[in-house]
Amino acid sequence: MGAIIDKITEFIKEMLQGWVLDNLGTMFTDVNDKVGTIAGEVGQTPSTWNGSIFSMIRSLSENVMIPIAGLIISAILCYELITMVMDKNNMHEVGSEFFFRYLVKACAAVMLLSKTFDITMAIFDVGNHIVTNAAVSISGSTSLDVEATLTTMFNNQLSTMGIGELIGLGIETMIVSLCMKIMSVLITVILYGRMIEIYLYISVAPVPFATLSNREWGNIGNNYIKGLCALAFQGFFIMVCVGIYSVLVASVAVAGNLHTALWSVAAYTVILCFSLFKTGSLAKSVLHAA
């Protein structure tokens, strides 16, 4: 009779161990997938993320914003000419070099406006190059060996647990997995929100670029370019956050207390989500973008 009870107990323990290992396997696989997904999303340029949206934004920029930017350039050039005449005693002290300088500034302003889209895309191409190189390094050094991790956990802790403890651990793994899935949704919102912000920035690019030729109004264009660079380099900070997260989660494999380790994974995921929210303001702070 005792042997039958022992076999039933062992059978239940094996089922519970399989349940827990399956939950843990899904959890650690999600960690690897999260790193790859974020790297893939952040590493895309506006033109490759969604071609339809990019075409629409480009059309708005060229057909709606460039005419407005042309009016702004005209107003700025008129203001520059009036200021030049007044500063030079109503043209009594004006030489031919002043008109040449004025002509060069006007040509430079028009050429800059005509190349606005190329300049903005070049900024994001540089950002994409940095993020891609960072992704290769981070993904290669922080990818978890799921099979080895589960084997270590089973040999060290799961094999010695009773039925009650295994049931409690199974419930904990389900809760932590659910928390990670919720955080994954929030992380997706952050990534998509960043890309939408990039499209909004690009759509009005001609207007701030039109102010670059003027010393007084040029701060508008300078701050705009800083904002573009901040959005481009935000991807690098996102990848650093993901790399730190993966290294922290890897410590679960050697944790002394499995219960504590599981909740640590949930805490690390919350910290990752919070850190990703802060990457935008951090990038703007580093580049002094308004």
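Look above for the structure.
The shown structure was predicted, so the numbers you read here are calculated from the model rather than taken from an experiment. (Residues numbered from 1 in each chain as written. Predicted model: local features only at pLDDT ≥ 70, side-chain atom pairs only at ≥ 80, totals over all residues. Heavy atoms only, no water.)

1. Observations concerning the overall build of the chain
Working step 1: Across its full length, the chain holds ten helices and zero strands.
Working step 2: Beginning at the N terminus, the succession of helices and strands in the chain can be written as α-α-α-α-α-α-α-α-α-α.
Working step 3: Long-range pairs, those at least 24 residues apart, make up 87% of the contacts in the chain between residues at least 6 apart in sequence. (Helix = DSSP H or I, 4+ residues; strand = E, 2+ residues; numbered from the N terminus. Contact = heavy atoms within 4.5 Å.)

2. Observations regarding the nonpolar core
Working step 1: Ranked by internal contacts, the top residues of the largest apolar core, which has 28 residues, are Met-27, Ile-38, Val-176, Met-239, Leu-272 and Leu-276.
Working step 2: Those elements giving two or more residues to this core turn out to be α1 (2-42), α5 (116-142), α7 (163-203), α9 (218-250) and α10 (258-286).
Working step 3: Sequence-distant contacts of Val-176, that is, excluding residues within four places in its chain, are made with Met-27, Leu-262, Trp-263, Val-265 and Ala-266.
Working step 4: Counting residues in each nonpolar core, the second largest holds 18 residues, with Met-121, Phe-124, Tyr-199 and Ala-205 among its members. (Core = buried A, V, L, I, M, F, W, Y, C linked by side-chain atoms within 4.5 Å. Buried < 20%, exposed > 50% of the residue type's maximum accessible area, 1.4 Å probe, protein only.)

3. Looking at the packing of α7 against α9
Working step 1: It is the contact of α7 with α9, at a shortest axis distance of 10 Å, that shows an interaxial angle of 160°. When the axes of α7 and α9 are compared, the pair comes out roughly antiparallel. Crossing geometry of α7 relative to α9 is assigned as left-handed. Facing Met-180, Leu-191, Arg-194, Glu-197, Ile-198, Tyr-201 and Ile-202 of α7, the residues of α9 in contact are Tyr-224, Gly-227, Leu-228, Leu-231, Ala-232, Gln-234, Gly-235, Ile-238 and Tyr-245.
Working step 2: Grouping the amino acids of the contact of α7 with α9 by side-chain chemistry returns eleven nonpolar, three polar and two charged. (Axes fitted to C-alpha atoms, helices over the stretch in contact; angles between N-to-C directions. Parallel < 35°, antiparallel > 145°, perpendicular 65-115°, else oblique. Left-handed = near helix turned anticlockwise from the far one by under 90°. Nonpolar A, V, L, I, M, F, W, Y, C, P; charged D, E, K, R; others polar.)

4. With respect to a nonpolar patch on the surface
Working step 1: Taken together, the side chains of Met-56, Leu-60, Val-64 and Ile-68 present a nonpolar region at the surface, about 330 Å² in accessible area.
Working step 2: Mapped onto the elements, Leu-60 comes out in helix α3 (residues 51-87). (Patch = residues over 30% accessible without salt bridge, like charges linked within 9 Å, V, L, I, M, F, W, Y side chains within 5 Å. Areas by Shrake-Rupley, 256 points an atom, 1.4 Å probe, with all protein chains shown as cover. Salt bridge = Lys/Arg side-chain N within 4 Å of Asp/Glu carboxyl O.)

5. Points about the packing of aromatic side chains
Working step 1: All chains considered together, the criterion is met by six aromatic pairs.
Working step 2: With a centroid separation of 6.0 Å and an interplanar angle of 50°, the aromatic rings of Trp-49 and Tyr-199 are classed as tilted. Taken together, the residues Trp-49 in helix α2 (residues 46-49) and Tyr-199 in helix α7 connect sequence positions 150 residues apart.
Working step 3: Measuring from centroid to centroid gives 5.6 Å for Phe-54 and Phe-117, while their planes differ by 65°, and the two rings are edge-to-face. Of this pair, Phe-54 sits in helix α3 while Phe-117 sits in helix α5, and the two are 63 residues apart along the sequence. Across the pair, Phe-117 and Phe-54 agree in class, each one buried. (Phe/Tyr/Trp six-rings, centres within 6.5 Å; stacked < 30°, edge-to-face > 60°.)

6. Brief notes about the pattern of salt bridges
Working step 1: With the rule as written, the count across this model stands at two salt bridges.
Working step 2: In this structure, the salt-bridge partner of Arg-58 is Glu-62, at a minimum N-O distance of 3.0 Å. In this pair, Arg-58 and Glu-62 are both assigned in helix α3, four residues apart and thus about one turn of the helix distant.
Working step 3: Exposure remark for Arg-58: the relative accessible area of 33% places this residue in the partly exposed category.

7. Quick word on α9
Working step 1: End to end, α9 covers 48 Å across 33 residues, agreeing with the expected 48 Å (1.5 Å per residue, within 8%).
Working step 2: Along α9, the sharpest kink reaches roughly 25°, centred on Ala-232. (Expected span 1.5 Å × (residues − 1). Bend = angle between axes of the 7 residues up to and from the residue.)

8. So, the environment of Ile-190
Working step 1: Residue position: Ile-190 is located in helix α7.
Working step 2: As for Ile-190 and Gly-280, which are separated by 90 residues in sequence, their C-alpha atoms are 9.9 Å apart.
Working step 3: Once residues lying within four places of it in the same chain are set aside, the contact partners of Ile-190 are Cys-273, Leu-276 and Phe-277.

9. A short note on the side chain of Thr-279
Working step 1: Turning to its location among the elements, Thr-279 is positioned in helix α10.
Working step 2: A distance of 2.7 Å separates a polar atom in the side chain of Thr-279 from the backbone oxygen of Leu-276.
Working step 3: Beyond its immediate chain neighbours, meaning those up to four positions away, Thr-279 contacts Gln-234, Phe-237, Ile-238 and Cys-241. (Polar contact = N/O pair within 3.5 Å; in protein donor to acceptor, adjacent residues only side chain to side chain.)

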